[in-house]
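Coordinate analysis (summary)
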Amino acid sequence: MTNENASTSRREISTEDLRKLRDYLISRVAAEANEHGVVDDHFRSVVMKKIQEAYIAAKIMLPREIGEKVIKSAYDEIVGYGPIQGLLEDDDVSEVMVNGPKLVFVEKKGKLTLTDVQFDDDDHVLRVIEKIISPLGRRIDPDSPTVDARLPDGSRVNAVIPPVAIDGPSITIRKFRKEKLKVEDLIRFGSISQNMADFLQACVVAKMNIVISGGTGSGKTTLLNVLSGFIPEDERIVSIEDAAELQLQQVHKVRMETKTANLDGLGLVTIRDLVRNSLRMRPDRIIVGECRGGEALDMLQAMNTGHDGSLTTVHANSPRDASSRLEVLVMMAGMDLPVKVIRQQIATAVDLIVQQTRLKDGSRRVTAITEVAGMEGETIVLTDIFKFEQTGISPDGKIEGKLEPTGMRPLFSPKLEAAGFKLKPEIFGATIAEVLERTRKR
């Protein structure tokens, strides 16, 4: 490296030159780094010191800003996730999307933006994918070209490689806040109102079975995390996910996640396997991160056989769509049940559907809280308890509206009262005059 000093300093430094310098610094440090094993603060400081020493020893005359950038790039490759490490450290970034080595997008405040971050090539992207999934014992290869995983901080990762990914390997990372959101945060953001929060807390404590419905990126998991915080400490929780991302704060919990098959096609553990197993674990609550297949039938059966207070999410755009989605998922269990029987299962198992929506301005709000009120003929009866009504759009493009009660009290109100929650009539939209009139009649 030192023999090239003069020529390097006299000509313009190309991206390829910087890449070679980065790889040189990595080669000087990587062997020692691999021997260390555990990535902790001491390890990070040692790696940074070694890289800086290697850079100085190389005697490459670069502008300070460029030199620091190369050192940081080498550091990120060793202790982080390469080019996207800086994006993962940015608290304003909620999602990182790698569409290929030269196309890296981020979501900030609900808006997608193309960044100037780039990988060297497809192999570079693949190395980062392997670095993410290797500690989890997961695999990705042409025979198994998709994988779900998580980062140590709980951020959710999906990776896809050829031949499924036509334009090269792709990574999608849904970041999670370092601090768990509380219900007060959702109220402050305008996601829910105080009345809705009080109602949902009562429903969770009183062991209503709740399905959170919403589209991709609408905030279903965030809301599920918040609702799980209402579960009393003295109850045993079993959570089941594809990739563990729930941030349960209770002590008495068992967290499980699925497992992919090994190279021989053996060892596969699905959501459905885990739901069935959870019934033997004496759970007070079962939380399934997302129902997306035949496990919906097992979940409904659990709800119908004494496991009240269960929580899950489904992909759907409205409460009515959510009930239809559950029908389809139950059919995927392969039991060949009549539609009416499936709907009866849903109507008796699910108490409440909470609709979470990502609006056009990027904000995420609860747009409906709907009671599953039973069956009428062969149709599931849904009753909106709260509903979001859009009133307009502000000059800066923000959607304006109110989360209002519909005036309907849920049929399960006696269960809430039995659990110690005597919610005020005003929560459900009753006026003071109506309350006084009811009192007078009594």
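Our next topic: the side chain of serine 193. Relative to the helices and strands, serine 193 is located in the loop between α7 (183-189) and α8 (194-205). Note on serine 193: relative accessible area 19%, which makes it buried. One polar contact links the side chain of serine 193 to the main-chain amide nitrogen of methionine 196, over a distance of 3.2 Å. If we ignore the near neighbours within four places in the chain, the residues touching serine 193 are Ile187 and Leu403.

This part covers helix α4 (residues 64-79). Here α4 contains 16 residues, and its C-alpha end-to-end distance of 22 Å stays within 8% of the 22 Å for a straight helix at 1.5 Å per residue. The complete set of buried residues in α4 reads Gly67, Val70, Ile71, Ala74, Tyr75, Asp76, Glu77, Ile78 and Val79.

Another point: α8. In a regular helix each residue adds 1.5 Å, so 12 residues correspond to 16 Å; α8 covers 17 Å between its end C-alpha atoms and thus fits that length. Along α8, the positions that sit buried rather than exposed are Met196, Ala197, Phe199, Leu200, Ala202, Cys203 and Val204. With its phi angle positive at about 65°, lysine 207 sits one or two positions after the end of α8.

Looking now at the packing of helix α12 (residues 319-331) against helix α13 (residues 339-349). Relative to each other, α12 and α13 sit at 120°, their axes nearing to 10 Å. Classified by the angle between their axes, α12 and α13 sit oblique to one another. When you trace α12 past α13, the crossing you get is right-handed. For the pair α12 and α13, the contacting residues are Ser323, Leu326, Glu327, Val330 and Met331 in the first and Val339, Ile342, Arg343 and Ile346 in the second. Among the residues forming the contact of α12 with α13, the class breakdown is six nonpolar, one polar and two charged.

Turning our attention to the pattern of salt bridges. For the structure shown, the criterion picks out 22 salt bridges. Notably, a salt bridge pairs glutamate 290 with arginine 292, separated by 2.9 Å at the nearest N-O pair. The exposure class assigned to arginine 292 is partly exposed, which follows from its relative accessible area of 38%. The partner of arginine 343 in a salt bridge is glutamate 327, and the shortest N-O contact between them spans 2.9 Å. Here the residue arginine 343 occupies a position in helix α13, and glutamate 327 occupies one in helix α12, the gap between them amounting to 16 residues. For arginine 343, a relative accessible area of 23% translates into the label partly exposed. By relative accessible area, which is 10% here, glutamate 327 ends up buried. Several salt bridges converge on common partners, so that one network encompasses Glu16, Arg19, Arg22, Asp23 and Asp120.

Bringing the sheet that holds strand β7 (residues 210-214) into the picture now. Pairing within the open sheet is mixed, and its nine strands lie in the order β9-β8-β10-β11-β7-β12-β13-β14-β15. The sheet terminates laterally at β9 (253-257) and β15 (399-405), the two strands that pair on one side only. Sheet twist, expressed as the mean angle between neighbouring strand axes with direction ignored, is 25°. Of the pairings in the sheet, the one linking strand β10 (residues 285-288) to strand β11 (residues 311-315) comprises two bridges and is parallel in character. Its bridge partner being in β11, isoleucine 287 is matched across the sheet by leucine 311. Against the sheet, helix α10 (residues 271-278) touches β8 (237-241), β9 and β10, its axis set at about 170° to β8.

Here is what the cut-offs are and how they apply
All residue numbers refer to position in the chain's written sequence, counted from 1. For this predicted model, a pLDDT threshold of at least 70 governs which residues receive local features, and a threshold of 80 or more governs which side-chain atom pairs are given and counted, while totals over whole chains, interfaces and linings are taken from all residues. No hydrogens and no water enter the side-chain calculation; it runs on all heavy atoms of the structure. The numbering of helices and of strands both runs from the N terminus, where a helix is a DSSP run of H or I of at least 4 residues and a strand a run of E of at least 2. Relative accessibility decides the category of a residue: with a 1.4 Å probe and only protein chains considered, values under 20% of the type maximum give buried, values over 50% give exposed, and everything between is partly exposed. What qualifies as a polar contact is a pair of N or O atoms within 3.5 Å, subject to a donor-acceptor requirement within protein and to the restriction that residues adjacent in sequence count only when both atoms come from side chains. Note on definitions: a residue-residue contact is assigned when non-hydrogen atoms from the two residues lie within 4.5 Å. Expected helix span is computed as 1.5 Å times (number of residues minus one). Here an angle of 0 to 180 degrees is reported between the N-to-C directions of two axes, which are lines fitted to C-alpha atoms, with helices fitted over the stretch in contact. In these notes the angle categories are as follows: under 35 degrees is roughly parallel, over 145 is roughly antiparallel, 65 to 115 is roughly perpendicular, and the rest is oblique. In this scheme, a crossing is called left-handed if the near helix is turned counterclockwise away from the far one by less than a right angle; it is called right-handed if the turn is clockwise. In this classification, the charged set is Asp, Glu, Lys and Arg, the nonpolar set is Ala, Val, Leu, Ile, Met, Phe, Trp, Tyr, Cys and Pro, and all remaining amino acids, among them Gly, are polar. For this document, the term salt bridge refers to a Lys or Arg side-chain nitrogen within 4 Å of an Asp or Glu carboxyl oxygen. A pair of strands counts as paired when DSSP detects no fewer than two bridges linking them.

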